[in-house]
2 protein chains.
Amino acid sequence: MESTYIFGHKSPDTDAINSAIIMAEFEKLNGNDSAKAYRLGKVNPETQYALDYFKAEAPELLTEDLTDKDVILVDHNEFQQSADTIESAKIRHVVDHHRIANFHTAAPLYYRAEPLGCTATILYKMFKEQGFEIKPQIASLMLSAIISDSLLFKSPTCTEQDKAAAQALENIAGVDAQEYGLEMLKAGASTVDKSPVEIINADAKTFNMGDYSVRIGQVNTVDVNEILARQAELEQAITETLSGAEYDIFVLVATDILNSDSTILVLGKDKDKIAKAFDVELDNNTAFLPGVVSRKKQIVPPITAALS
Amino acid sequence: MESTYIFGHKSPDTDAINSAIIMAEFEKLNGNDSAKAYRLGKVNPETQYALDYFKAEAPELLTEDLTDKDVILVDHNEFQQSADTIESAKIRHVVDHHRIANFHTAAPLYYRAEPLGCTATILYKMFKEQGFEIKPQIASLMLSAIISDSLLFKSPTCTEQDKAAAQALENIAGVDAQEYGLEMLKAGASTVDKSPVEIINADAKTFNMGDYSVRIGQVNTVDVNEILARQAELEQAITETLSGAEYDIFVLVATDILNSDSTILVLGKDKDKIAKAFDVELDNNTAFLPGVVSRKKQIVPPITAALS
């Protein structure tokens, strides 16, 4: 039997790693013994905490050429976020919760997308629909992914279905979601070991808004002062990034995962327009945004409107 | 409440028309009262037979600009097969059984694709999963679509799931699938009222194979002599098409839906290579291909191999 390669996106987060492991279990329960989970990058500290806590193995790093190989994608579909040889692979199945773009196949396939907060929630539904047993370790990995993507159910991307799945999974996993989840998020939120360049680039994405190219990075923290205490060296790293002329504005979003607030640090052309987008003013290049945690839903739309 | 526009592909076949009607019913049962089925082209004689037989109304022809409208696509996803303004619509849901290509969205959505023989089979599964009642008229439309796409379960694209769905639907619809299905296919298979140009273009698709551009048309018939008796005028129409220099070879596939065989009529450069692809020889530009009914699975692959 041909092998089936299962993996999430590059720069993997907890949903990308855990959903690959969970989907491999789903395939095995479905009779596909050749299914194996892989990862496309380094396991981050938050995910490592979850894997260690529940004594799960990280998937192997994918290094093979996927030409003509059977693959299953989880938590992504856009080819630039996928394996380098994805275009020549045979994509058999996709399970995802993102928009669809830069994706195509040569043949019919299984594709399951739902606009939920987390891929693991869709996988939870698939197990239930098939009547497959969800073992405690699989439940733990599903729960960890939901907590990660939803910042402990506080993100506006979190749906009722994500919450209901997490509640059911909490019982199977035998952990307290709030208590365990906070420890897991904290494990991934320490910035003290990171360089300024790592902090500003870790999760940065570029957006074209009106005539501006805006780079927006986001870093989770349990203590926003960890970030503010290093403002001078962070500004230096951002200024160097902006000097490349590729971006007009840089917005670093430091999100306080305990209080569900964010502080932004803004540099670049017309930076005051960014503050106005949130009806605040910049004080020493920073502003506090109460209740803001989601880049996708709460940061990008108002900035887009202000610059367009 | 905003309207939701539901439709299948251009040049609609029975699956494209019926799945739009069926999906509108699904949405209504799901609480979306604004859902409405549309069509992107003329209802063909086969589909009209099915609609008349079960006293169903054809969907309205879509003429509106879909900019910022909520839409649901059935039985297709590629934008060139869809409404002209599809790129500016909000695509909320897709239910399909084809490859994915030339498709993208700005936002997360529901996407359900399965490599089955018919979109209506996937819709049947969705009704069952939700515990929705399948009324006799809806069952009839599902059954008609499956019979159409599978040529009465004889096409190699037909899966066990399509057959099982059809069997269950036969009971709800209260018809004999073989008897009704044959009459429906016959209604769509008369070529006597069609001009040569209509016959060669009705369902023609272009394929790039090796250094050749190959145009392959397919026409269903209950009597292949209807086609062969008009060989001279068909060859004249094909020769005119080839004179445009866009295509190197034209293959017209006349499929006998009663006996599940096909006869090909081939004109153009290196036409003997087409016959060799099937281990036969052309006799007066034609060849008989026993057991061949599916362009996708039985015609395109051997010709691709022979020309590459």
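Keep in mind that this is a model prediction, so the values were computed, not measured.

## Description of the sheet that holds strand β9 (residues 249–256) of chain A
Residues and elements named next belong to chain A.
In step 1: Ordered in space as β7-β8-β9-β10-β11, the five strands form an open sheet in which the pairing is mixed. Both outer strands of the open sheet, β7 (205–209) and β11 (286–289), are each paired with one neighbouring strand and no more. Strand-to-strand, the axes of this sheet are offset by a mean angle of 25 degrees, without reference to chain direction.
In step 2: Where strand β10 (residues 261–268) meets β11, four bridges bridge the pair, whose relative direction is antiparallel. In the strand pairing of β11, Ile 264 is matched with Ala 287.
In step 3: Most of the contacts of helix α9 (residues 231–243) go to β10, to which it runs at about 50 degrees, and overall it touches β9, β10 and β11.
In step 4: Along the sheet face, helix α11 (residues 295–307) touches β7, β8 (212–221), β9 and β11 and points at about 155 degrees away from the line of β8.

## Considering the pattern of salt bridges
In step 1: The final tally for this structure, using the stated rule, is 22 salt bridges over all chains.
In step 2: For Arg230(B), the salt bridge identified is with Glu233(B), shortest N-O distance 2.8 Å.
In step 3: Judged by its relative accessible area of 18%, Arg230(B) falls in the buried class.
In step 4: Each of the salt bridges in this network shares a partner with another, and the network as a whole consists of Arg112(A), Glu114(A), Lys125(A) and Glu129(A).

## Quick look at the UniProt feature "binding site: Mn(2+) 2" in chain A
Residue and element names in this part refer to chain A.
In step 1: When the UniProt feature table is mapped to this numbering, "binding site: Mn(2+) 2" covers Asp 15, Asp 75, His 97 and Asp 149. Their sequence span is 135 residues, while the largest C-alpha to C-alpha distance among them is just 11.0 Å; these annotated residues converge on one region.
In step 2: Mapped onto the elements, Asp 15 comes out in helix α1 (residues 14–29).
In step 3: The exposure class of Asp 15 is buried, given its relative accessible area of 0%.

## Focus on the sheet that holds strand β11 (residues 286–289) of chain B
Residues and elements named next belong to chain B.
In step 1: Ordered by their spatial adjacency, five strands build an open sheet running β7-β8-β9-β10-β11, and the pairing between neighbours is mixed. Two strands bound the open sheet, and with one partner strand each, they are β7 (205–209) and β11. Across this sheet, the average inter-strand angle for adjacent strands is 25 degrees, counted without regard to direction.
In step 2: The pairing of strand β9 (residues 249–256) with strand β10 (residues 261–268) spans eight bridges and is antiparallel. Residue pairing for β10: Ile 249 is matched across the bridge by Gly 268.
In step 3: Strand contacts of helix α9 (residues 231–243): β9, β10 and β11, with the helix running at about 50 degrees to β10, the strand carrying the most contacts.

Basis of the calculations
Residues numbered from 1 in each chain as written. Chains lettered and ligands numbered in written order. Predicted model: local features only at pLDDT ≥ 70, side-chain atom pairs only at ≥ 80, totals over all residues. Heavy atoms only, no water. Pairing = 2+ DSSP bridges. Helix = DSSP H or I, 4+ residues; strand = E, 2+ residues; numbered from the N terminus. Axes fitted to C-alpha atoms, helices over the stretch in contact; angles between N-to-C directions. Contact = heavy atoms within 4.5 Å. Salt bridge = Lys/Arg side-chain N within 4 Å of Asp/Glu carboxyl O. Buried < 20%, exposed > 50% of the residue type's maximum accessible area, 1.4 Å probe, protein only. UniProt positions renumbered as here; feature names shortened; annotations may be inferred.

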